[in-house]
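Results of the structural survey
Next come the chains, spelled out residue by residue.
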Amino acid sequence: MHRTWFVVLLASLLSFAAAAGTALIVVCLTPGIFGRDASRREPVEELVGVLAVATVIGIALVARYFAHPHDAHARLEGSAGTTTILCAVFSVLGAALAYIATFPEQYAHGRRLRGAGRLLLPSLGPHRESESESAAIDGELPEGWVAEVPPEVRDGLAAEWRENARKEHAAIASFGQTLLKLMALGADDSLLAALHRDALDEVRHARLCFAVATALDGKHVRASAFAGARGGYLLPGRRLGLVQVAIEALVDGALNEAVAARILGRLAARGGPLTKVLRDLAADEARHAAHSWDIVRWCGREGGPQVIAALRGAARALPRRMRGDLPPAARSGAWERWGVQGEALEAEEVQRAIARTRDRLVAMSV
Ligand SMILES: [Fe+2]
Ligand SMILES: [Fe+2]
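Source: prediction; values computed, not measured.

Notes on the pattern of salt bridges
- Evaluated as defined, the whole model comprises 21 salt bridges.
- Of the charged contacts in the structure, one is a salt bridge between Glu-248 and Lys-181, with a shortest N-O distance of 2.9 Å. On the criterion of sequence distance, the pair formed by Glu-248 in helix H7 (residues 238-269) and Lys-181 in helix H5 (residues 151-185) is long-range, its members being 67 residues apart.
- Residues joined by salt bridges that share partners form a network here, namely Glu-140, Asp-201, Arg-204, Lys-276, Asp-280, Asp-284 and Arg-287.

Okay, here's the thing in structure tokens:
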């Protein structure tokens, strides 16, 4: 194709992509636009988010061509002006990816595993503990603690602890996905080792949560088949991959696990019969959140200003709230003595964690 026509075509694509991308991002980031309830996201909005990311990637690729028209695969080391434009593009990309990564606006014990706008969870099946499994949780629960739980509360409380166990089990797969993505991007072995240890923590958390549920209602069930436990998708190109992994670590780990750590820590401080369990879970989740920040910083160091710009864009797209999908009977806080938070405690810690996360991202340097 004649070069002039090729440039005209690229310029047209860029103009279209910029206009479409801007419109989509405005739709994504503006609460209440087109009557959208800012507290809920519909599947069509997820589609809009995906289109926004595709559009922004298109802009990035066209900008990349103009930066290096004779070597589209060359490392982006253009002029200061080019870097500024690319950072602006990556900032929008980061906002769009963060918008997608916050589907659903639901916090979970353990690192979240997402897919198709929902948390992915394993199914449950009958199970009898082996001697080694029983030994692993021996001494974690105090003798006779169930006697102080009113009988009419036990079934509902058991169901909620079992839901938390499913989330903890899903977190094992989430750490596995992140591990594979980081390996593909060339992460150092200290990060990989930390993720392996975190995944083992989640194995233990799932066992503990299942054990609490069994103590309450006597049902012996465990996670069985888990179709959602797959390798996950990594965007093509190292820099885009770094942006994706950084934002997933930010939302599913640094933010979500920090919320879990704070809630569990506050519940432990109230001194109920499950204090030891809650305190241990809180300490582990806080460490996992710190490891996610390690991932975010590593991606920033590896990816340079564009990844930092993407993270700052992500900071602007974080949700105002994340819900824990609480059963109605727990929302008042009536189950907090037994490790299930109420709505007020949850909302307070979610908002605090979101504000802290935004502050850390804004202060982050290359
Ligand atoms: Fe956990
Ligand atoms: Fe965790």
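Some points on the coordination of the iron ion (ligand 2)
- Every protein donor of the iron ion (ligand 2) is accounted for by Glu-202 (OE), Glu-257 (OE), Glu-285 (OE) and His-288 (ND1), and the metal-donor separations fall at 1.9 to 2.3 Å.
- One can describe the donor arrangement at the iron ion (ligand 2) as irregular, given that its 4 donor atoms subtend angles of 95 to 142° at the metal.
- In primary sequence terms, the donor set of the iron ion (ligand 2) follows E-x54-E-x27-E-x2-H.
- In this structure, the iron ion (ligand 2) lies 3.5 Å from the iron ion (ligand 1), and both are coordinated by Glu-202. Taken as a pair, Glu-202 in helix H6 (residues 189-217) and Glu-285 in helix H8 (residues 275-303) lie far apart in primary sequence, 83 residues in all. The pair Glu-202 / Glu-285 is uniform in exposure class, with both members buried.

Re H5
- The first and last C-alpha atoms of H5 sit 52 Å apart over 35 residues, in line with the 51 Å expected at 1.5 Å per residue.
- Backbone geometry just downstream of H5 places Gly-186 in the positive-phi region, at approximately 90°.

So, a positive patch on the surface
- Taken together, the side chains of Arg-320, Arg-321, Arg-323 and Arg-331 define a basic patch exposed on the protein surface.
- Tracing the sequence through the fold places Arg-320 in the loop between helix H9 (305-317) and helix H10 (343-363).

What about the coordination of the iron ion (ligand 1)?
- In the first shell of the iron ion (ligand 1), the protein supplies Glu-168 (OE), Glu-202 (OE), His-205 (ND1) and Glu-285 (OE), at 1.9 to 2.3 Å from the metal.
- Given 4 donor atoms and angles of 83 to 137° at the metal, the environment of the iron ion (ligand 1) is assigned as irregular.
- For the iron ion (ligand 1), all donor residues lie on one chain, and their spacing in sequence is E-x33-E-x2-H-x79-E.

Some thoughts on unusual backbone geometry
- In the segment running from Phe-103 into Pro-104, the intervening peptide bond is cis, with an omega of -15°.
- Within the secondary structure, Pro-104 sits in the loop between helix H3 (80-101) and strand E1 (114-115).

Looking at the packing of H7 against H10
- Two numbers describe how H7 lies on H10: the axes approach to 9 Å, and their chain directions differ by 135°. The angle between H7 and H10 places the two elements in the oblique class. Helix-helix and strand crossings are classified by hand; for H7 and H10 the assignment is right-handed. For the pair H7 and H10, contact is made by Leu-250, Leu-255, Val-259, Arg-262, Ile-263, Arg-266 and Leu-267 and by Leu-345, Glu-346, Glu-348, Glu-349, Val-350, Arg-352, Ala-353, Ile-354, Arg-356, Thr-357 and Leu-361, respectively.
- Class assignment of the residues belonging to the contact of H7 with H10 gives a composition of 10 nonpolar, 1 polar and 7 charged.

Rules behind the numbers
Residues numbered from 1 in each chain as written. Chains lettered and ligands numbered in written order. Predicted model: local features only at pLDDT ≥ 70, side-chain atom pairs only at ≥ 80, totals over all residues. Heavy atoms only, no water. Salt bridge = Lys/Arg side-chain N within 4 Å of Asp/Glu carboxyl O. Helix = DSSP H or I, 4+ residues; strand = E, 2+ residues; numbered from the N terminus. Donors = N, O, S within 2.8 Å, 3.2 Å for Na, K, Ca; no water. Tetrahedral: all angles 85-135°; square planar, octahedral: opposite > 155°, others 65-115°. Buried < 20%, exposed > 50% of the residue type's maximum accessible area, 1.4 Å probe, protein only. Expected span 1.5 Å × (residues − 1). Patch = residues over 30% accessible without salt bridge, like charges linked within 9 Å, V, L, I, M, F, W, Y side chains within 5 Å. Areas by Shrake-Rupley, 256 points an atom, 1.4 Å probe, with all protein chains shown as cover. Lys, Arg positive; Asp, Glu negative; His and termini not counted. Charge placed at Lys NZ, Arg CZ, Asp CG, Glu CD. Axes fitted to C-alpha atoms, helices over the stretch in contact; angles between N-to-C directions. Parallel < 35°, antiparallel > 145°, perpendicular 65-115°, else oblique. Left-handed = near helix turned anticlockwise from the far one by under 90°. Contact = heavy atoms within 4.5 Å. Nonpolar A, V, L, I, M, F, W, Y, C, P; charged D, E, K, R; others polar.

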